[in-house]
Amino acid sequence: ILIYLFNFKIILGKNGVPVAENFQLEQSTIPDTVQEGQVRVKTLYLSVDPYMRCRMNEDTGSDYLLPWQLSEAADGGGVGVVEESKHNNFAKGDFVTSFNWPWQTVAILDGSLLQKLVPQLVDGRLSFFLGAAGLTGLTALLGIKEKGHVSAGANQTMVVSGAAGACGSLAGQIGRLEGCSRVVGIAGTDEKCSILVSEMGFDAAINYRKGNVAEQLQELCPGGVDVYFDNVGGDISDAVINQMNQNSHIILCGQISQYNKDVPYPTPLPPEVEKIQKERNITRERFLVLNYMDKQEASVLQLCQWIREGKLKVRETVVEGLENIGAAFQSMMNGGNIGKQIVSVSK
């Protein structure tokens, strides 16, 4: 089997930009025998996500994320098929997923770590369970429901940063489905902005690399901003917060612009921006989807229904081959993806 190993440690407290060379591919073997309670799986799809940057430090800054260990297989969201099972919940041919799937072509896993999938829910597009019908979609939906305070008919304007990424592209659409009257995205290329408007129903999109973001927000959000789905932090978020209304809400999903810096998470706001937040009573609370897993089943069913009905458009950027997962991770961290970044390991 092929195993992708994390072989480079970023020294605690140092800034650093991840590159493909932080990983290496090795050939190895796994035991011939599957023990009771275990399942042998073939990997079909793997996910690379911004949060994984935190796992490249000894201190991840989070109590629910463990650091990757040197010379051991990296792991993350994965989907595969059962080849052999000695666990009562799974049989050969079942499709399964896990949040801690090792980056290798074949693995023997504890069956308690796996969830069985129903391919029909996504018309057989199994990779969707790593994105729109998985934790990414749950983060967008539950973030809006739990922290966005969106109310149909309230004439609310939502802004989404990182809007062409895996979570942002869904969040804007879900904000509309939940009742926002206007949705504006912020992305990094003209192509991404065009896709947000033409395919995903955003009212407008701002290329933050062109022109003044604050001026464009004023023009595109004349009534101010009521809900901000924040994926990036930094200067872009500061500009959005300046445009936010009294008693508005920030959904603090991610801060990708800050992940390569030695700063705490969530990143503190500059004093002048923090003053605006407090004076306008803008809520800004860290959102962690794992705290809402009691709502997982119903929420996944809702996401799948929207996908099948065509109400939720799904984009993926797919890279073929486990040997390219390091490059895919690096590209995703640099904004090279549109929608969810997926690595197709085997068919």
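The preceding data block contains the structure.
The structure contained in this document is the topic of the report that follows. Each residue is numbered by its place in its chain's sequence as written, counting from 1. For a predicted model such as this one, the threshold for reporting local features is a pLDDT of at least 70, and the threshold for listing and counting side-chain atom pairs is 80 or more; totals across whole chains, interfaces and linings nevertheless cover every residue. In computing side-chain properties, one takes all heavy atoms of the structure into account and sets aside hydrogens as well as water.

1. Here we look at the pairing of strand 13 (residues 244-252)
Line of reasoning, step 1. Pairing of strand 12 (residues 225-230) with strand 13, which is carried by 5 bridges, proceeds in the parallel orientation. Bridge pairing in strand 13 places Phe-229 opposite Ile-251.
Line of reasoning, step 2. Inspection of the sheet shows strand 13 paired to strand 14 (residues 283-286) by 4 bridges, in the parallel sense. Bridging across to strand 14, Ile-251 finds its partner in Glu-285. By the convention used here, strands pair only if DSSP detects at least 2 bridges between them. Secondary structure elements are taken from DSSP: a helix is a run of H or I of four residues or more, a strand is a run of E of two residues or more, and numbering for both begins at the N terminus.

2. Considering the sheet that holds strand 11 (residues 204-207)
Line of reasoning, step 1. Read from one edge to the other, the open sheet built from 6 strands follows the order 11-10-9-12-13-14, with strand pairing classed as parallel. Where the open sheet ends on each side, the last strands, each with one partner, are strand 11 and strand 14. With strand direction ignored, the average angle separating the axes of adjacent strands in the sheet is 15°.
Line of reasoning, step 2. The pairing of strand 9 (residues 157-161) with strand 12 spans 3 bridges and is classified as parallel. Bridge pairing in strand 12 links Val-159 to Tyr-228.
Line of reasoning, step 3. Residues count as neighbours in contact if any of their non-hydrogen atoms are within 4.5 Å of one another. Axis angles are defined between N-to-C directions and span 0 to 180 degrees, where every axis is a line fitted to C-alpha atoms and, for a helix, only to the segment in contact. In this fold helix 1 (residues 135-148) packs onto strand 9, strand 12, strand 13 and strand 14, with an angle of close to 145° to the strand it touches most, strand 13.

3. Some remarks on empty space enclosed by the protein
Line of reasoning, step 1. Two kinds of site are reported from a 1 Å grid over the protein atoms alone, namely cavities, where a 1.4 Å probe fits but cannot get out, and pockets, open sets with protein on both sides within 12 Å along at least five of seven lines, and residues are called lining when an atom falls within 4 Å of a point. Grid points are joined across faces, edges and corners, and a volume is the space filled by probe spheres set on the points. Summed over the entire model, instances satisfying the criterion amount to 1 cavity of 30 Å³ or more.
Line of reasoning, step 2. For the largest cavity, the calculated volume is near 40 Å³.
Line of reasoning, step 3. Gly-131, Ala-132, Ala-166, Ser-169, Leu-170, Lys-313, Val-314, Arg-315, Gly-339 and Lys-340 together form the lining of the largest cavity.
Line of reasoning, step 4. With 3 residues, the single largest contributor to the lining of the largest cavity is helix 2 (residues 166-178).
Line of reasoning, step 5. Three classes are used, and their members are as follows: Ala, Val, Leu, Ile, Met, Phe, Trp, Tyr, Cys and Pro are nonpolar, Asp, Glu, Lys and Arg are charged, and the others, Gly among them, are polar. Looking at the lining of the largest cavity residue by residue, the class counts come to 4 nonpolar, 3 polar and 3 charged.
Line of reasoning, step 6. Residue ranges assigned to each domain were obtained from an automatic or database domain assignment. When residues of the lining of the largest cavity are sorted by domain, at least three fall in each of domain 1 (2-131 + 315-344) and domain 2 (135-290).

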